[in-house]
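# Chain and residue survey
Each chain, letter by letter, is given below.
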Amino acid sequence: MPDKHEQAEQMRDDVPSTVARSDDKAVRTYKKTLESAEETYGDGERAHRTAYASLKHTHEKVGDHWEPKEHRGPSDPQAALGTPASRDRSRPTAQGVDANASTGHLEDVARRVGVTDPQNLNRDELVRAIEKANARATARARRR
C-alpha cells in the first residue's frame, strides 16, 4: 500500500489545478471526498461542491493554492449552514478565503498575496481583496 505522499502524488492529475498545487493533505481530502460524493450523488457539480466544502473546512485558498487553516471549521456563513440548508438558502461564499479567521490572520494573508496596506481595510474589505488577489494568482498559474 502506498504511503500518504505517494497516494497524494497519484491523485494530483485528477484534482483541480489549485488543489494539485497544494499540500498532500489537501489533495487527499478533496479526492477522497469527491470519490465518496460521486458514489452518493453521481459524477457532477454536486459531488465537486461537496469536495470543495470538505476542503474548505481544513484549508484556505492563498494565492493559487490551498494551505492548512489555523482552526478547522467552516470558512464562511454559507459553509456554516451545511446541507440541505446551504442549497435552500444560497449566499455568496468567500471563494476559499477563511472569512472566519482573525483580522490579524486575514491581514497576514492579504500581505502574502500582494494586497497593499491591508491594515487600512475592514474585515469584509480584507476578505474581498484576498478573493481578488487569489483569482488573479490562479489565472496567472493556469496560463503557465
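Notes on the structure follow. (Residues numbered from 1 in each chain as written. Predicted model: local features only at pLDDT ≥ 70, side-chain atom pairs only at ≥ 80, totals over all residues. Heavy atoms only, no water.)

## Some details on the packing of helix 3 (residues 24-41) against helix 4 (residues 45-58)
As a packed pair, helix 3 and helix 4 sit with axes 8 Å apart at the nearest point and diverge in direction by 145°. Like other packed secondary-structure pairs, helix 3 and helix 4 cross with a definite hand, here right-handed. Contacts between helix 3 and helix 4 involve Ala-26, Thr-29, Tyr-30, Thr-33, Leu-34, Ala-37, Glu-38 and Tyr-41 on the former and, on the latter, Arg-46, Ala-47, His-48, Thr-50, Ala-51, Tyr-52, Ser-54, Leu-55 and Thr-58. Considering only residue class, the contact of helix 3 with helix 4 consists of nine nonpolar, six polar and two charged. (Axes fitted to C-alpha atoms, helices over the stretch in contact; angles between N-to-C directions. Helix = DSSP H or I, 4+ residues; strand = E, 2+ residues; numbered from the N terminus. Left-handed = near helix turned anticlockwise from the far one by under 90°. Contact = heavy atoms within 4.5 Å. Nonpolar A, V, L, I, M, F, W, Y, C, P; charged D, E, K, R; others polar.)

## Let's talk about helix 7 (residues 103-112)
Of all the positions in helix 7, only His-105, Leu-106, Glu-107, Val-109 and Ala-110 are classed as buried. Its buried side turned inward, helix 7 meets strand 1 (59-62) and helix 8 (123-143). (Buried < 20%, exposed > 50% of the residue type's maximum accessible area, 1.4 Å probe, protein only.)

## Examining the packing of helix 1 (residues 4-11) against helix 3
The N-to-C vectors of helix 1 and helix 3 enclose an angle of 60°; their axes lie 9 Å apart at closest approach. In terms of orientation, helix 1 lies oblique with respect to helix 3. Of the two possible hands of crossing, helix 1 and helix 3 adopt the one that is left-handed. On helix 3, the residues touching Lys-4, His-5, Gln-7, Ala-8, Glu-9 and Met-11 of helix 1 are Asp-24, Val-27, Arg-28, Lys-31 and Lys-32. Classifying every residue of the contact of helix 1 with helix 3 gives three nonpolar, two polar and six charged. (Parallel < 35°, antiparallel > 145°, perpendicular 65-115°, else oblique.)

In short, shape yes, function no, at least from these values alone.
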